[in-house]
Amino acid sequence: MAAEVVLMNEVESKAAQLGIDLSVDLNSIQLPPGENFGIVSDDEDVYLDDQLEFDSGFGNVIVVDNLPVVPREKFEKLEGVIRKIYSQIGVIKEDGLWMPTDPETKKTLGYCFIEYNTPQEAELAKEKTNGYKLDRSHIFAVNMFDDFDKYMRVPDEWAPPEIKPYTPGENLQKWLTDEKARDQFVIRAGTDTEVLWNDARQSKTELVYKRTISMSVSFDQVLDRKFCAVVSLLATVHRQGAAVWGGATTFNRLMRYAHPQVKLIDFSPGEKFLVTYSSHEPSNPRDANRVVINIFDVRTGKVMRDFKGSADEFSVGGAGGVAGVSWPVFRWGGGKADKYFAKLGKNMISVYETDTFSLIDKKSLKVENVVDFSWSPTDPILALFVPELGGGNQPARVSLVQIPSKTELRQKNLFSVSDCKMYWQSNGDYLAVKADRYTKTKKSTYTGFELFRIKERDIPIEVLELDNKSDKIIAFAWEPKGHRFAVIHGDNPRPDISFYSMRTAHNTGRVSKLSTLKGKQANALFWSPGGRFIVLAGLKGFNGQLEFFSVDELETMATAEHFMATEIEWDPTGRFVATAVTSVHEMENGFNIWSFNGKLLYRILKDHFFQFLWRPRPPSFLTPEKEEEIARNLKKYSKKYEAEDQDVSMLLSEQDREKRRKLKEEWDKWVSEWKQTHEEENSERQKLRDGEASDEEEEYEAKEVEVEELLDVSEEVLPFEE
């Protein structure tokens, strides 16, 4: 009590210093209505129209039915059996198992309630034991306690659903009809998410949409083959799930996907399906995290399949993730049709089909010691890698498997292999397998490539070795939709970059080296989406060195630098390149926009800059023949745009002239005001000059005047010596 009095005295003293009146009747304060007092959070704003169903507080309780009906003397034995079964799944709370009895017969009623520490454990118990066969007569029926409340709300009589009037939505493709043929991009900086036009002609951005909330953003395309409609959506992640937004200017929410505590999302290549992931800590710290993965239909929001289990069950394969789970867990095959998806397991690959969302042939593909696989981008073909076994007695191998027949199309044994990575060309025409091999002494390794020609008869394979076999491979990248690839290799601070072609005019069936660039400050390769051009980038240790290179001409178009750049993104048309410095660095956050040939167009600085993403464009409806015709007649089509560019250039020149004219007018106005002030102060200046009228210094005569001034007087008594 004394401590409370002292604390209150301190509060009153501080309030007096700040001039705050504490004599307020707290009972008279009226807070805004609602649990949140009118303060809308990010998620409440997102789900304002569709409130999620909140549980009633019994989400960690299950009801187990179809138990044996036993008398009091067998009650303890039955309870022990039930506890033994269900305690293997999770931690049952103290007094968390209750079997009600009939007050008249004193026998159990054939069901019980079990309360776990967490709802996730209860969900897992329901999933694992519903249908569990205790004996011939007793097969468990397990339900969540909260489900009973939901079922009780179902009306006794059926009523037809309310038919809502149709309201036409915004044309989600309207942004593609921009008269200036501009592209859009999204950025995240601080708590702001902005969608902007890239107005390269004007060397600036134009705001489309802005939202001030903190959310994780991912742009993706959604393709609906049935209606031949392609739209670009903005996907966001929130505490209660994911949502997609679309439009030309408004970016309204189009669909939400309920998945509490979602951490990661992934779209299928054809953007028909959305995969969401969440991880939940167990009650027992020795257990692995509980993982929930949902696969949604993007257009309807319906859960097509869910996967639940411990993190250990999803920890094999993948490029990275959280809580020990590799992400993405599922890899999609069959091209844009999204017909198959697969997961790597121990000694197997589980391949599912999206027609039924079940395993093909109801069983996984058994492959002893398989460690990696990847799909062709266009065809239902799996490439899988099995490492060496038995100390090299059984060689490593790469196999191509046709799905759904599971027929092996091609196999290549690889000897003395320490590691292997697979790179598909975007059209699925070629597969490059980078194999790191041991030397004969086993003390070092060297790298070579196995190049598969997938679309040719019998899938021929070529071996490619670098001129210097001991060179370290730093980066590899195929030309999109093309036949060329680039390799950064070497151990020096300035590695070499080599370009190769799978077909040339003189040698259509063999890989050929086009050129090698010596001593480049580069460690990453970024091809234009249309091929032909590539950015040779030096990120991290190279501090943002950029070289814009034409592979057709094999010449450098420009060199530049974006100091500390962390990201490089080509726009979907291949006309512009964005380089960005994200918040991993504390200084110079923001992004630069460059032309394809390396001209800096404009620069935007943003504090706490997190993310830059171009808005993807749908695939072209033009046939390859039509695209070739346009390329041949490009000069005819370009006249219109050259005239527009000239108009813009003249407009910019006029704007510059207008800007200079305004600056001159401001200067002249300032000079006039200064002269007026000077005249007004003339008499005062004359007075200060003892009546001299002129302000010109050259009219004055300089005179030297000596002035004597007594600074100090001191007296000192000196001793007199005789």
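The shown structure was predicted, so the numbers you read here are calculated from the model rather than taken from an experiment.

K.L.:
So what's going on with the overall build of the protein? Which residues, and what values?
P.N.:
The number of helices and strands found in the protein is eight helices and 45 strands. Looking at the protein residue by residue over its 722 residues, the buried ones come to 40%. Of the roughly 43,900 Å² of accessible surface on the protein, a fraction of 51% belongs to carbon and sulfur atoms.

K.L.:
An account of the pattern of salt bridges is requested, with residue identities and associated values reported.
P.N.:
Tallied over the full model, the rule gives 37 salt bridges. Note that lysine 664 is salt-bridged to aspartate 668, the shortest N-O span being 3.1 Å. A residue pair is termed a helical-turn pair when its members lie 3 or 4 positions apart in one helix, as lysine 664 and aspartate 668 do in helix H7 (residues 634-680) at four residues. For lysine 664, a relative accessible area of 52% puts it in the exposed group.

K.L.:
Which residues make up a negative patch on the surface, and what values do they have?
P.N.:
A grouping of Glu679, Glu680, Glu681 and Glu684 is seen on the molecular surface, where their side chains present a negatively charged patch. Examined against the element boundaries, glutamate 684 turns out to sit in helix H8 (residues 682-688). In this structure glutamate 684 comes out as partly exposed when scored by relative accessible area, which is 44%.

K.L.:
Give a detailed account of the sheet that holds strand S25 (residues 372-375), specifying residues and quantitative values.
P.N.:
Sheet architecture is open: four strands sit in the order S25-S26-S27-S28, paired in antiparallel fashion. On the outer flanks of this sheet lie S25 and strand S28 (407-414), each paired with one strand and no other. The sheet shows a mean angle of 15° between the axes of neighbouring strands, direction not considered. Where strand S27 (residues 396-402) meets S28, seven bridges bridge the pair, whose relative direction is antiparallel. Directly across from arginine 397, in S28, lies its bridge partner asparagine 413.

K.L.:
Any chance you could break down helix H3 (residues 75-86) for me, citing the residues and the numbers?
P.N.:
For H3, with 12 residues, the first-to-last C-alpha span of 17 Å sits near the 16 Å given by 1.5 Å per residue. If you check which residues of H3 are buried, you get Phe75, Leu78, Ile82, Ile85 and Tyr86. The buried side chains of H3 occupy one side of the element, clustering within an arc of 100° when seen end-on. The exposed set on the far side of H3, more than 90 degrees from its buried face, consists of Glu76, Lys77 and Lys84. Check the buried side of H3 and you find it contacts strand S1 (61-65), strand S2 (92-98), strand S3 (111-116), helix H4 (119-129), strand S4 (133-135) and strand S6 (141-144).

K.L.:
Explain the side chain of histidine 138 to me, using residue names and the numbers behind them.
P.N.:
Relative to the helices and strands, histidine 138 is located in strand S5 (residues 138-139). Only 2.8 Å separates the side chain of histidine 138 from the side chain of aspartate 135, close enough to count as a polar contact. Once residues lying within four places of it in the same chain are set aside, the contact partners of histidine 138 are Asn66, Leu67, Pro68, Tyr132 and Lys133.

K.L.:
Please give an account of the nonpolar core that cites residues and values.
P.N.:
Ranked by size, the top nonpolar core spans 22 residues in total, and within it Ile62, Val64, Ile82, Tyr86, Ile114, Tyr116 and Phe140 carry the most contacts. Secondary structure elements with two or more residues in this core: S1, H3, S2, S3, H4 and S6. It is H3 that provides the largest number of residues to this core, a total of five residues. Look past the residues within four positions of phenylalanine 140 in its chain and what remains in contact with it is Val64, Asp65, Asn66, Leu67, Ile82, Ile85, Tyr86, Thr129, Asn130, Gly131, Tyr132 and Leu134. Formed by 17 residues, the second largest nonpolar core is a distinct cluster that contains Leu414, Leu431, Val433 and Phe452.

K.L.:
Which residues make up unusual backbone geometry, and what values go with them?
P.N.:
A cis amide bond links isoleucine 403 with the next residue in sequence, proline 404, at an omega value of 15°. In this structure, proline 404 sits in the loop between S27 and S28. A positive phi angle is found at lysine 362, which is not glycine, with a value near 60°. One can find lysine 362 in the loop between strand S23 (358-359) and strand S24 (365-366). Phi is positive for methionine 564, close to 70°, though the residue is something other than glycine. Within the secondary structure layout, methionine 564 lies in the loop between strand S40 (555-561) and strand S41 (567-570). Taking the relative accessible area as the measure of exposure, methionine 564 reaches 17% and is therefore buried.

K.L.:
Tell me what's going on with the environment of leucine 414, and back it up with residues and numbers.
P.N.:
By the element assignment, leucine 414 lies in strand S28. The class of leucine 414 is buried, set by a relative accessible area of 1%. The spatial distance from the C-alpha of leucine 414 to the C-alpha of arginine 437 is 8.8 Å, given a sequence separation of 23 residues.

K.L.:
Which residues make up the sheet that holds S6, and what values go with them?
P.N.:
Judged by pairing direction, the sheet is antiparallel, and its four strands sit side by side in the order S2-S3-S1-S6 without closing on themselves. The strands lining the two open edges of the sheet, one partner per strand, are S2 and S6. Neighbour-to-neighbour, the strand axes of the sheet open up by a mean angle of 20°, direction not taken into account. The pairing of S1 with S6 spans four bridges and is antiparallel. Note that in S6 the partner of valine 63 across the bridge is asparagine 143. Strands S1, S3 and S6 of the sheet are contacted by H4, whose axis makes an angle of about 155° with S6.

K.L.:
Could you give an account of the side chain of arginine 615, naming the residues involved and the relevant values?
P.N.:
Take arginine 615: it is sitting in the loop between strand S45 (609-614) and helix H6 (624-632). Arginine 615 gets classed as buried once you look at its relative accessible area, which sits at 0%. Only 2.7 Å separates the side chain of arginine 615 from the side chain of glutamine 184, close enough to count as a polar contact.

K.L.:
So what's going on with the pairing of S25? Residues and values would help.
P.N.:
Within a regular beta strand, the side chains point alternately toward one face of the sheet and then the other, so they alternate between its two faces. Of the pairings in the sheet, the one linking S25 to strand S26 (residues 381-386) comprises four bridges and is antiparallel in character. What sits directly across from phenylalanine 373, in S26, is leucine 384.

K.L.:
Describe in detail the packing of aromatic side chains, supporting the description with residues and values.
P.N.:
Under the defined criterion, the tally for this structure stands at 37 aromatic pairs. With 5.8 Å between their ring centres and 90° between their planes, tyrosine 111 and phenylalanine 113 make a pair best called edge-to-face. Between tyrosine 340 and tryptophan 375 the ring centres are 6.2 Å apart and the planes differ by 10°, which places this aromatic pair in the stacked class. Residue tyrosine 340 is found in strand S21 (residues 340-345), and its partner tryptophan 375 is found in strand S25; the two are separated by 35 residues along the sequence. Tryptophan 375 shares its class with tyrosine 340; the two are buried. Site record: aromatic cluster; members linked through ring pairs are Phe273, Phe307, Phe330, Trp332, Phe341, Tyr352 and Phe357. Above the ring of tryptophan 197, the side-chain terminus of arginine 182 is found at 4.5 Å from the ring centroid. The aromatic ring of tyrosine 446 is capped on one face by lysine 469, whose charged end is 4.8 Å from the ring centroid.

Rules used in this analysis
- Residues numbered from 1 in each chain as written.
- Predicted model: local features only at pLDDT ≥ 70, side-chain atom pairs only at ≥ 80, totals over all residues.
- Heavy atoms only, no water.
- Helix = DSSP H or I, 4+ residues; strand = E, 2+ residues; numbered from the N terminus.
- Buried < 20%, exposed > 50% of the residue type's maximum accessible area, 1.4 Å probe, protein only.
- Areas by Shrake-Rupley, 256 points an atom, 1.4 Å probe, with all protein chains shown as cover.
- Salt bridge = Lys/Arg side-chain N within 4 Å of Asp/Glu carboxyl O.
- Patch = residues over 30% accessible without salt bridge, like charges linked within 9 Å, V, L, I, M, F, W, Y side chains within 5 Å.
- Lys, Arg positive; Asp, Glu negative; His and termini not counted.
- Charge placed at Lys NZ, Arg CZ, Asp CG, Glu CD.
- Pairing = 2+ DSSP bridges.
- Axes fitted to C-alpha atoms, helices over the stretch in contact; angles between N-to-C directions.
- Expected span 1.5 Å × (residues − 1).
- Arc of directions from axis to C-beta.
- Contact = heavy atoms within 4.5 Å.
- Polar contact = N/O pair within 3.5 Å; in protein donor to acceptor, adjacent residues only side chain to side chain.
- Core = buried A, V, L, I, M, F, W, Y, C linked by side-chain atoms within 4.5 Å.
- Phe/Tyr/Trp six-rings, centres within 6.5 Å; stacked < 30°, edge-to-face > 60°.
- Lys NZ or Arg CZ within 6 Å of the ring centre and 35° of its normal.

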